[in-house]
Amino acid sequence: MVKEMKPANTKNGVPVLHSAKDGCKPKKFTPDEVLVPNPSFKENQGTKRKRKTLPLKVEEIIEKVKDQKEDKDMQPGSLSIYELERLENIRQNQVFLSSIKLLEAKQDLKPEKTQRGLKRQNNKVAWTEILPPRTKSLRIQKKEAERLPLPLEPHRIYYEVERIEHARKPEGPISMEPINMEEDSSLPPELLKLWTEDLIKEEKEELSLEEYRSTLKSMELSEIGGVAKVVKSRIFSVAFHPCSSRLLMAAGDKLGGVGLWNLDSDMGDEGVLLFEPHVQPVACMAFSRSHPTDLLTLSYDGTLRSTDVEKAVFDEVYRIKDGLRTFDFLSHDCSTLVTGDWYGDVAIVDRRTPGTSHESLHSLDTKTVRCVHVHPVQKQYVMVAENSIVSIYDARCLKASSREPVSQLYGHSKSISSAYFSPGTGNRVVTTCLDNNIRIYDTSELASRAPLLTSIQQNLYTGRWLSKLQAMWDPKRDDCFVVGSMQQPRRVQVFHESGQLQHSFQDPEMTTVLSVTAFHPTRNALLGGNASGRLYVFTD
């Protein structure tokens, strides 16, 4: 049974209301006013509203409720007039939405989220970083300062796995078995054919700057297969295979994985094969220009390995305890290498010599070596990115007691992420520094102090969860380079050596920072990797 609502205070059947302003005297309502519940107030509290004619359907509902007095499930007085009107509005809205089939159309518009490349796995390996413990004050430890030596400065960052203890890979060759395929699966024949393809050197005329900009604008991210998950974790390094018939890309991640992605192929997981030749971040990788092509990968775990697809093994080229950071080819036939580690050492490695040791090891006057790069024409000159100075050494004079650099690049106020010679002549050097500046130097004449040509301000602060941004030259030109960006919306930018922006690659699907980038050596293609293991490729 539905009862009529009555205010708490009545006098002769007329509702009254007490107010503090009128001295707590009861106030009478006029006959055309009534108390109705207000949902914004507490229970049993009312507001004064004008009497309102209810819709016909609401009155019908009220009559229907009155007729169901004998129903035990109904709770008399549980629904007010306001609530009944609200329910009727909801019912009318539902009927209208059903009549136009809006809900069904909404479901049809939702695109199916498909992930190309590696499939998602539930048994993820979680990595945690162990930071050195904070030093407690001597007062809290109740110790005297004179008797306590200074604590040792933390030298390295150690990692541990929560469920699986990762040990270093054994010495010697490692079988090249994709972990995203069934056990004892052989490599796809198309990979071997592509890997051993003869490299055709095409003599192309260098495009003018305007033609080059038009070429960049024609490069887009494919809607079907332009994005793929190639490795499990954050990408540290990427590289293009130099063949021109198809696009074959490689990426190295934080967990030591190396992924190969053959665009427009069905091998593995939609063209992706994943290997684990290392156990720590793959900081640097490069394809050799020799035949057959080799992929060399360097890791923090202290190993440098070469990919032999014909034998289906990862050969070990160089091995130290730990801390390898970067490498480059020191000879035109890619048989000699130069490596750098976190402890300020530079090593010369000859791949023709049996064993996995170096030919010579040289300790520089720096705490760490972040990048090494060899002059493309005069191979005896090695550029080393140190703490805040870039030095160019003569590799033939590194054994001497006085290792004076041939030239130095000044002007950096913080640590340097990378430094690279221009690919054609080596007359320019582009450096990326954490002081939020990209600098271009003139190295056409190796003077003791290389002159600074241009400085480009760019937000290069990525934090600890993204790989460092690095400016990389386009191998087809000597005056343009590419670098990732922290700007919103996400983009990849191409600059001229004068500091002029040539083009920004943007796409609605590119929602993350592409920290690691690389151009194809012969084709119009650009590659970018993000922190979730995905590769984005822009082609024409």
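What you are looking at is a predicted structure, and each value in this text was computed from that prediction instead of being measured.

Describing the packing of aromatic side chains
For the coordinates displayed, the defined rule picks out 8 aromatic pairs. With a centroid separation of 5.7 Å and 75° between ring planes, the pair formed by Tyr300 and Trp342 is classed as edge-to-face. Of this pair, Tyr300 sits in the loop between β16 (295–299) and β17 (303–308) while Trp342 sits in the loop between β20 (336–341) and β21 (345–350); the two residues are 42 residues apart in sequence, bridging distant segments of the chain. By relative accessible area, Tyr300 is classed as buried at 17%. According to the relative accessible area criterion, Trp342 is partly exposed, its value standing at 28%. Following the ring pairs from residue to residue traces out a cluster consisting of Phe236, Tyr300 and Trp342. Directly above the ring of Trp465 sits Arg464, whose terminal nitrogen or CZ lies 4.7 Å from the centroid. One cation-aromatic arrangement involves Arg477 over Tyr212; the distance from NZ or CZ to the ring centre is 4.6 Å.

Re unusual backbone geometry
Residue Pro489 is reached from Gln488 by a cis peptide bond, and omega for that bond is -10°. One non-glycine residue, Asp264, lies in the positive phi region at around 60°. Looking at where Asp264 falls in the secondary structure, it is placed in the loop between β13 (258–262) and β14 (272–275). For Glu270, which is not glycine, the phi dihedral falls at a positive 55°.

Looking at empty space enclosed by the protein
Under the counting rule described, the total for this entry stands at 1 cavity of 30 Å³ or more. Its volume calculated, the largest cavity comes out at about 30 Å³. Residue lining of the largest cavity: Ile179, Lys232, Asp253, Leu255, Gly257, Leu274 and Glu276, and that is the complete set. Split into classes, the residues belonging to the lining of the largest cavity amount to 3 nonpolar, 1 polar and 3 charged.

Regarding the pairing of strand β19 (residues 324–329)
For a regular strand, the rule is simple: side chains alternate between the two faces of the sheet. Most of β19 sits inside the fold, with 6 of its 6 residues counted as buried. Bridging between β19 and β20 involves 5 bridges; their strand directions are antiparallel. Paired with Phe329 across the strands is Leu337, a residue of β20.

Some words on helix α6 (residues 209–218)
Along α6, the residues that are buried comprise Tyr212, Thr215 and Leu216. Across the axial projection of α6, the buried residues extend over an arc of 100°, all falling on one side. Opposite the buried face of α6, by more than 90 degrees, sit the exposed residues Glu210 and Lys217. Considering only its buried residues, α6 is in contact with β32 (480–484), β33 (492–496), β34 (501–505) and β35 (516–519).

Some remarks on the UniProt feature "repeat: WD" (unreviewed entry) in the chain
Listed under "repeat: WD" (unreviewed entry) in the UniProt record, and renumbered for this structure, are residues 409–442. Secondary structure across residues 409–442 divides into 0% helix and 56% strand, with the first and last C-alpha atoms of the span separated by 9 Å.

Details of the environment of His332
For His332, the location among the structural elements is in the loop between β19 and β20. In sequence terms His332 and Arg289 are 43 residues apart; their C-alpha atoms lie 8.3 Å from each other. Apart from the residues lying within four places of it in its own chain, the contact partners of His332 are Pro376, Val377 and Lys379.

Regarding a nonpolar patch on the surface
On the surface, a cluster of nonpolar side chains totalling about 230 Å² of accessible area is made up of Leu79, Leu87 and Ile90. Mapped onto the fold, Leu79 is located in the loop between α1 (56–67) and α2 (81–100). According to the relative accessible area criterion, Leu79 is partly exposed, its value standing at 38%.

Rules used throughout
Residues numbered from 1 in each chain as written. Predicted model: local features only at pLDDT ≥ 70, side-chain atom pairs only at ≥ 80, totals over all residues. Heavy atoms only, no water. Phe/Tyr/Trp six-rings, centres within 6.5 Å; stacked < 30°, edge-to-face > 60°. Helix = DSSP H or I, 4+ residues; strand = E, 2+ residues; numbered from the N terminus. Buried < 20%, exposed > 50% of the residue type's maximum accessible area, 1.4 Å probe, protein only. Lys NZ or Arg CZ within 6 Å of the ring centre and 35° of its normal. 1 Å grid on protein atoms, 1.4 Å probe; cavity = no way out; pocket = protein on both sides within 12 Å on 5 of 7 lines; lining within 4 Å. Points joined across faces, edges and corners; volume = space filled by probe spheres on them. Nonpolar A, V, L, I, M, F, W, Y, C, P; charged D, E, K, R; others polar. Pairing = 2+ DSSP bridges. Arc of directions from axis to C-beta. Contact = heavy atoms within 4.5 Å. UniProt positions renumbered as here; feature names shortened; annotations may be inferred. Patch = residues over 30% accessible without salt bridge, like charges linked within 9 Å, V, L, I, M, F, W, Y side chains within 5 Å. Areas by Shrake-Rupley, 256 points an atom, 1.4 Å probe, with all protein chains shown as cover. Salt bridge = Lys/Arg side-chain N within 4 Å of Asp/Glu carboxyl O.

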